[in-house]
Amino acid sequence: MKLTAENESEQEFIGAALARAVANACIIYLEGDLGAGKTTLVRGFMRGLGYQGAVKSPTYAMVEPYELAGRHYFHFDLYRLADPEELEYLGVRDLLDGDAILLIEWPEKGKGELPPADLLITINYQGLGRELLLESTTAVGERVVARLESDIKSRN
């Protein structure tokens with residue numbers, strides 16, 4: 001699935017629609033150059049769930065946990081990860097139990113230690129806007145993409 005965001009607000013709108021589309025535990029990889037808008041997409045995701053606090057890139061902490069309506073969300077930014085084995089210290093495997101949603105920026109830095117993604121989102125610059133390519137890699141990811149596509153079509 002390919003989506004276009006002409007500005008930051010549209011990218012946040014896509015993030016909110018993505019949040020509505022995720023119904024169960026899900027691992028989402030977010031790829032793209034610095035400044036492409038990975039955290040902007042996550043901000044939209046969290047706002048779409050009703051989160052009112054600041055949504056910032058967890059570049060130094062590497063993970064920012066959120067809990068809404070009894071569900072756990074974890075926003076990872078692995079940009080500063082020196083070695084994939086450091087993920088053991090963050091307890092990534094423990095977060096996979098239950099109904100958690102993981103949004104992981106710079107997943108390539110955790111290669112070999114991260115669980116596989118259900119959904120891969122690649123964000124590319126397109127002029128002043130962004131192009132978002134969504135690729136499902138599991139049945140969970142396929143359901144998310146189908147719901148997202150339906151939601152976006154119904155709102156346009």
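If you're wondering where the values come from, they're calculated on a predicted model, not measured in any experiment.

### What to know about unusual backbone geometry
Turning to step 1, where the next piece is worked out: Within the chain, Ala69 stands out as a residue other than glycine whose phi angle is a positive 50°.
Turning to step 2, where the next piece is worked out: Secondary-structure assignment places Ala69 in the loop between strand 3 (63–68) and strand 4 (71–77).
Turning to step 3, where the next piece is worked out: Using a relative accessible area of 89% as the deciding quantity, one classes Ala69 as exposed.

### Some details on the nonpolar core
Turning to step 1, where the next piece is worked out: Counting residues in each nonpolar core, the largest one holds 31 residues, and the members touching the most others are Leu18, Ile28, Phe45, Ile121 and Leu132.
Turning to step 2, where the next piece is worked out: Counting residues per element, this core draws most heavily on helix 1 (residues 8–21), at five residues.
Turning to step 3, where the next piece is worked out: Sequence-distant contacts of Phe45, defined by excluding residues within four places in its chain, comprise Gly15, Ala16, Leu18, Ala19, Val22, Tyr73, Ile101 and Leu103.
Turning to step 4, where the next piece is worked out: In terms of nonpolar packing, the next biggest core, distinct from the first, is built from 18 residues, Tyr29, Phe76, Leu87 and Leu102 among them.

### Side note on the pairing of strand 5 (residues 101–105)
Turning to step 1, where the next piece is worked out: Of all the five residues making up strand 5, five are buried; the element is thus mostly covered by neighbouring parts of the structure.
Turning to step 2, where the next piece is worked out: Residues Ile101, Leu103 and Glu105 line one face of strand 5 and the alternating positions Leu102 and Ile104 line the opposite face, and both faces are buried.
Turning to step 3, where the next piece is worked out: Sheet topology note: the strand 2 (residues 26–32)/strand 5 ladder contains five bridges and is parallel. Counted as the bridge partner of Ile28 is Leu103 from strand 5.
Turning to step 4, where the next piece is worked out: Strand direction decides the pairing type here: strand 4 and strand 5, joined by five bridges, are parallel. Its bridge partner lying in strand 5, Tyr73 is registered against Ile101.

Analysis parameters
Residues numbered from 1 in each chain as written. Predicted model: local features only at pLDDT ≥ 70, side-chain atom pairs only at ≥ 80, totals over all residues. Heavy atoms only, no water. Helix = DSSP H or I, 4+ residues; strand = E, 2+ residues; numbered from the N terminus. Buried < 20%, exposed > 50% of the residue type's maximum accessible area, 1.4 Å probe, protein only. Core = buried A, V, L, I, M, F, W, Y, C linked by side-chain atoms within 4.5 Å. Contact = heavy atoms within 4.5 Å. Pairing = 2+ DSSP bridges.

The analysis is restricted to geometry; functional conclusions fall outside its scope.
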